[in-house]
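# A structural walkthrough
Residues per chain, in single letters:
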Amino acid sequence: MTVDLANNETRDYNFVSLTDNGGTKYNIDVDLSTGLSDKITTEKTSSGTILLNIINVMGSTTQDEVTFQILDTQSDSLKLALGDNIHTVQGINDIVTDEVFNDDIFTTFEGIR
């Protein structure tokens, strides 16, 4: 199953709680121009893994750093992970794992495009 939130517009998606055992893939939008992304927020205890399947990157920036908060949860039992089809760009392979935490920062020398 795929939850397709990628519609060329960044939005906030609010849930009371969310449980996902890794069977669902999520497509999201991120906008480099505004620094905004689709954001999934949960109010109560949630668990599982939000598996990012497609990241629809919009806009561009010359900034060295752009930070996106994709997941805002009250529980550390709900995690964010990159799907196998997400490819990293040159220069950040050393700091990327298959799991992204809310404080990971990716930078390049000439901005992100």
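This section reports on the structure supplied with the text. The structure presented is a predicted model; accordingly, all values stated were derived computationally and were not measured. (Residues numbered from 1 in each chain as written. Predicted model: local features only at pLDDT ≥ 70, side-chain atom pairs only at ≥ 80, totals over all residues. Heavy atoms only, no water.)

In this structure, strand β3 (residues 19–20) lies alongside strand β7 (residues 47–58), joined through 2 bridges in parallel fashion. Looking at β7, one finds that Asp20 is bridged to Gly48. Bridging between strand β4 (residues 25–31) and β7 involves 7 bridges; their strand directions are parallel. The residue bridging Asp31 from the neighbouring strand is Met58, located in β7. Alignment of β7 against strand β9 (residues 78–82), held across 5 bridges, turns out to be parallel. Across the sheet, the residue bridging to Thr49 is Lys79, located in β9. (Pairing = 2+ DSSP bridges. Helix = DSSP H or I, 4+ residues; strand = E, 2+ residues; numbered from the N terminus.)

Counting residues in each nonpolar core, the largest one holds 14 residues, and the members touching the most others are Ile40, Ile50 and Leu52. If you list the elements that add at least two residues to this core, you get β4, β7 and β9. Aside from chain neighbours lying at most four places away, what touches Ile50 is Leu18, Tyr26, Ile40, Leu71, Leu78, Lys79, Leu80 and Ala81. (Core = buried A, V, L, I, M, F, W, Y, C linked by side-chain atoms within 4.5 Å. Buried < 20%, exposed > 50% of the residue type's maximum accessible area, 1.4 Å probe, protein only. Contact = heavy atoms within 4.5 Å.)

Time to look at the pattern of salt bridges. Within this structure, the stated rule accounts for 2 salt bridges. In this structure, the salt-bridge partner of Arg11 is Glu9, at a minimum N-O distance of 3.4 Å. Given the relative accessible area of 37%, Arg11 is considered partly exposed. (Salt bridge = Lys/Arg side-chain N within 4 Å of Asp/Glu carboxyl O.)

A few words now on the sheet that holds strand β8 (residues 71–72). The parallel open sheet is built from 3 strands, whose spatial order is β2-β6-β8. The sheet is open, and its two borders are formed by β2 (12–15) and β8, each paired with just one other strand. As judged from the 2 bridges shared by strand β6 (residues 39–42) and β8, these two strands associate in the parallel manner. When the sheet's bridge partners are listed, Thr41 is paired in β8 with Asp72.

With that settled, consider the environment of Ser60. You can see Ser60 is positioned in the loop between β7 and β8. Residue class for Ser60 comes out partly exposed when judged on its relative accessible area of 45%. Each C-alpha atom of the pair Ser60 and Asp31 lies 7.6 Å from the other, and the pair is 29 residues apart in sequence.

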